[in-house]
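Spelled out from the first residue to the last, the chains are:
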Amino acid sequence: MAAIGFTAAAPMAGLVSAAHAADTVRADVGKPLQEAQRLLSSGKAREAVAKLKDADAVGNKTEFEKYQIERVRAAAASTAGDTPTAIRAFETLIASGRLSAAEKGKFQEGLAGMYYRAKDYPKAITAIQGVLKDNPNNSTMQQLLTQTYFISGRFNEAAAALKTGKQSEENLQMLANIQLKQNDKTGYVQTIEKLAGSYPKASYWADLLNRVQGKPGFSRTLGLDVLRLRLALGQLSKPSEYMEMAQLALQAGNAPEAIKIIDQGYKKGALGTGTDAARHQRLKDLANKTLADSTAAQATQQTTLIANKDADGLFNMGYAMVSAGKADQGIALMDQALKFGTARRPEEMKLHYGVALLSAGKKSQAISALKNVKGTAGEADLARYWTLYANNPNVAA
């Protein structure tokens, strides 16, 4: 994860502090201080740090003179990238008691950032916690604390902060990384779901769908449903994937869907080319013949299915009609089939009902239907994923 950047630059200071107007700086200290400030102002930070050695060499310095030297040193060293020197100067200034409350907070933030860059994570954590004690709403420090917990291996604290903090993509990625390290498979999937829902990318979706299929107890009968979601996400590319999906759609009695899949495969250049082009054409011919036959027998078959209260057969017929663009007729048959209560896999049927509603452009009804899917063989997972997709269908590469 990318670390937050901190310049940690100390405020430039004059030789007299308004809070300590009675304090003065002697000429033998003031002269090298002024020269160091001039060097710093002209972009020569390293030379400014070196020049301060002349001020350091003056004997019997007052506390105020030491304070002014450290202010210039803090600004020069942090600008020059001399982190060890800057850290010592910041620590001295914070401990001096001469900084205003506002300045002290800025110096503490800068010191925390320098500890982080120096990979002194225990000190960074302590410094950040000190800042947050006075300003608990400091989002920059909250983020740095979480990153410091993570990079130093304090995963429990990092995870706790990430679960209650801002759900940015970077934070969710960090949480997922922690959950992988801790072998928290359930938590990891939940986090990837949040990523896919809020920051939809092909990689998040691919991870989710691969994992759901690998879950113990996942039903093989949901293979077509996974492919449906992959198709909607634009994740089908191989000829074998289009062929498999079309064949499964035909087996499910949905010839119109099979034809759409095949047509898309041809449009994408995945089908109709190469050594298997003839095989692709045979499948296309079969899908068209199946559709013609089922359309011719539809009226008679529908009457028989209703008379026998064949929920599965009538529902599949309705789904095929939705796929063919006859949404109102098809959904009416699906509603009737659901009321029979004789489905072999009722939760799977509820899933298909939600997906059909979504494909028919009835988004609000689809989401309501998908929320009612309670199956434990993968149906509820896929219903949840379809809901995520419905709410944010624009998937980035």
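Going by the structure above, here's the rest.
Residues numbered from 1 in each chain as written. Predicted model: local features only at pLDDT ≥ 70, side-chain atom pairs only at ≥ 80, totals over all residues. Heavy atoms only, no water.

Participant: Would you mind showing me how to read the packing of aromatic side chains here?
Facilitator: Aromatic ring pairs are defined here through the distance separating the ring centres and the angle between the ring planes. The tally for this structure, following the rule as stated, stands at six aromatic pairs. Ring centres of F90 and F107 lie 5.0 Å apart, and the angle between their planes is 55°; on these two criteria the pair is classed as tilted. Here the residue F90 occupies a position in helix 4 (residues 83-96), and F107 occupies one in helix 5 (residues 101-117), the gap between them amounting to 17 residues. One Lys or Arg, R98, reaches over the ring of Y67 and ends 5.7 Å from the middle of that ring. When the ring centre of Y266 is taken as reference, the NZ or CZ atom of K284 above it lies at 4.6 Å. (Phe/Tyr/Trp six-rings, centres within 6.5 Å; stacked < 30°, edge-to-face > 60°. Helix = DSSP H or I, 4+ residues; strand = E, 2+ residues; numbered from the N terminus. Lys NZ or Arg CZ within 6 Å of the ring centre and 35° of its normal.)

Participant: Is there a simple way to explain the pattern of salt bridges in this structure?
Facilitator: One side chain can pair with another of opposite charge once the charged atoms of both are near each other. Here the structure, examined in full by the defined rule, presents 21 salt bridges. Among the ionic pairs, K51 bridges to D54, the shortest N-O distance being 3.0 Å. Residue K51 and its partner D54 are both found in helix 2 (residues 45-56); the two are separated by three residues, about one turn of the helix. One network of salt bridges, with partners in common, ties together E193, K215, D381 and R384. (Salt bridge = Lys/Arg side-chain N within 4 Å of Asp/Glu carboxyl O.)

Participant: Is there a simple way to think about helix 2 in this case?
Facilitator: Three or four residues apart is the spacing at which side chains of an α-helix point the same way, because the helix has 3.6 residues per turn. The terminal C-alpha atoms of helix 2 lie 17 Å apart, and with twelve residues this matches the ideal 16 Å at 1.5 Å per residue to within 8%. Regarding helix 2, the residues found buried are A45, A48, V49, L52 and A55. For helix 2, the buried positions fall inside an angular range of 100° around the axis, keeping them on one side. Exposed and oriented more than 90 degrees from the buried face of helix 2 are R46 and K53. Where helix 2 is buried, its residues meet helix 1 (27-41) and helix 3 (63-80). (Expected span 1.5 Å × (residues − 1). Buried < 20%, exposed > 50% of the residue type's maximum accessible area, 1.4 Å probe, protein only. Arc of directions from axis to C-beta. Contact = heavy atoms within 4.5 Å.)

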